[in-house]
Amino acid sequence: LEMQHVDFTYPNGTQALHDVSLQVQPGKITALVGLSGAGKSTIVNLLDKFYSPQSGTVTLDGTPLSEWDTRWLRDHIGLVLQKNHIFGGSIEENILYGDPGATHEQVVEAARKAYIYDQIMQLPQGFQTSALELSGGQQQRIAIARMFIKNPPIIFLDEPTASLDAIATEQIKSSIDAIKQGRTVVIISHNIGQIIDADQIYVLGQGRIVQHGTPHEVYHQGGLYKEIFDASARSMNADKIAATLN
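Residue numbering note: each chain is counted from 1, following its sequence as written. Per-residue local features are limited, in this predicted model, to residues with pLDDT of at least 70; the limit for side-chain atom pairs, both in listing and counting, is 80 or more; totals at the level of whole chains, interfaces and linings are taken over all residues. Excluding hydrogens and water, the side-chain figures rest on all heavy atoms present in the structure.

(A) Fine view of the packing of helix α4 (residues 104-113) against helix α6 (residues 136-150). A fitted line through C-alpha atoms represents every axis, and for helices the fit uses only the stretch in contact; the resulting angles, taken between N-to-C directions, go from 0 to 180 degrees. Think of it this way: any DSSP run of H or I at least four residues long counts as a helix, any run of E at least two long counts as a strand, and we number them from the N terminus. One can describe the packing of α4 onto α6 by two numbers: an axis separation of 8 Å at closest approach and a directional angle of 125°. Relative to α6, α4 is oriented oblique. As α4 packs across α6, the resulting crossing turns out to be right-handed. Residue-level contacts link Q106, V107, A110, A111 and K113 of α4 to A145, F148 and I149 of α6. Each residue receives one of three labels: charged for Asp, Glu, Lys and Arg, nonpolar for Ala, Val, Leu, Ile, Met, Phe, Trp, Tyr, Cys and Pro, and polar for the others, Gly being one of them. Of the residues that constitute the contact of α4 with α6, the class distribution is six nonpolar, one polar and one charged. Between 65 and 115 degrees an angle is taken as roughly perpendicular, under 35 as roughly parallel, over 145 as roughly antiparallel, and anywhere else as oblique. Take the far helix as the reference: if the near one is turned anticlockwise from it by less than a right angle, the crossing is left-handed, and if turned clockwise, right-handed. The criterion used for residue contact is that any of the two residues' heavy atoms lie within 4.5 Å.

Quick look at the structure:
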């Protein structure tokens, strides 16, 4: 997946992206980092063909996304968002949404991979429980189980742990680490613990790419990423946490 010199302006006239070029490496994890409103979610919406750029190109395997069949793309790209679409049916039905033809055994396997199986089995109705009875963190793992059953080669994660507590965030990190294996992943996160695992990061400032490289390289360049990283570490009292762990 690649973007070359992309500009994007919303219908209300707000220009969200200015001359953005980036390359999502196959089988690697690419993180998009930046303050709120920097254009990160706009990039994901262009990469999955939800929007089209006004100028520049978005390509997959060298072919413009406009020439790819949209249905085929949707089948091969998985999305895990801050708020996932969990509907009023059973847990099983919600997981099957990823692949309606899957068997119960495949549903169970997906739930295990998403680290939610044990909690489902503790419910009186198990997989037949309404998914809306689950906590936010559990619903997020149902969405990840859905991805495992869909099994797409490309996955976009947009703030998957934004509204969750620390225990749920850690449990979901296990699920996310599992789903990232061997796939092409684009992740948007304010969680430095997730960003630091990426193979490469693109740092956005007001719709422009201002830094790019490995998390280690970009941190040592100074600039916006170091500011965000240091502020995040300070807000978590990282030095006192490290001292406590030691």
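Now that the structure has been shown, we can carry on.
(B) Representation of the environment of L96 in the model. As for its placement among the helices and strands, L96 is situated in helix α3 (residues 91-96). Since its relative accessible area comes to 19%, L96 is described here as buried. L96 sits 50 residues away from R146 along the chain, and the two C-alpha atoms are 6.6 Å apart. For L96, the residues in contact, after removing those within four places along its chain, are A102 and V107. Exposed residues in this analysis have more than 50% of their type's maximum accessible area, buried residues have under 20%, and partly exposed residues fall in between, with area computed by a 1.4 Å probe over protein chains only.

(C) The packing of aromatic side chains, seen in detail. Any two of the Phe, Tyr and Trp rings considered here, Trp counted by its six-membered ring, make a pair once their centres fall within 6.5 Å; the pair's planes then place it as stacked at under 30 degrees, edge-to-face at over 60, or tilted in between. Throughout the structure, instances matching the rule amount to nine aromatic pairs. Note on F8 and Y51: the rings are 5.0 Å apart at their centroids and 15° apart in plane angle, and the pair reads as stacked. With F8 in strand β1 (residues 2-9) and Y51 in the loop between α1 (40-47) and β4 (55-60), this pair connects stretches of sequence that are 43 residues apart. With a relative accessible area of 5%, F8 lands in the buried category. Geometrically, the ring pair formed by Y219 and F229 is edge-to-face, given 5.0 Å between the ring centres and 65° between the ring planes. Of the two residues, Y219 sits in helix α9 (residues 215-220) while F229 sits in helix α10 (residues 224-235), which places them 10 residues apart along the sequence. Linked through ring pairs, F8, Y10, F50 and Y51 together constitute an aromatic cluster. Against the face of Y117 rests R112, its NZ or CZ located 4.0 Å from the ring centre. As a reminder, the over-ring test applies to NZ of lysine and CZ of arginine, requiring each to be within 6 Å of the ring centre and within 35 degrees of the ring normal.

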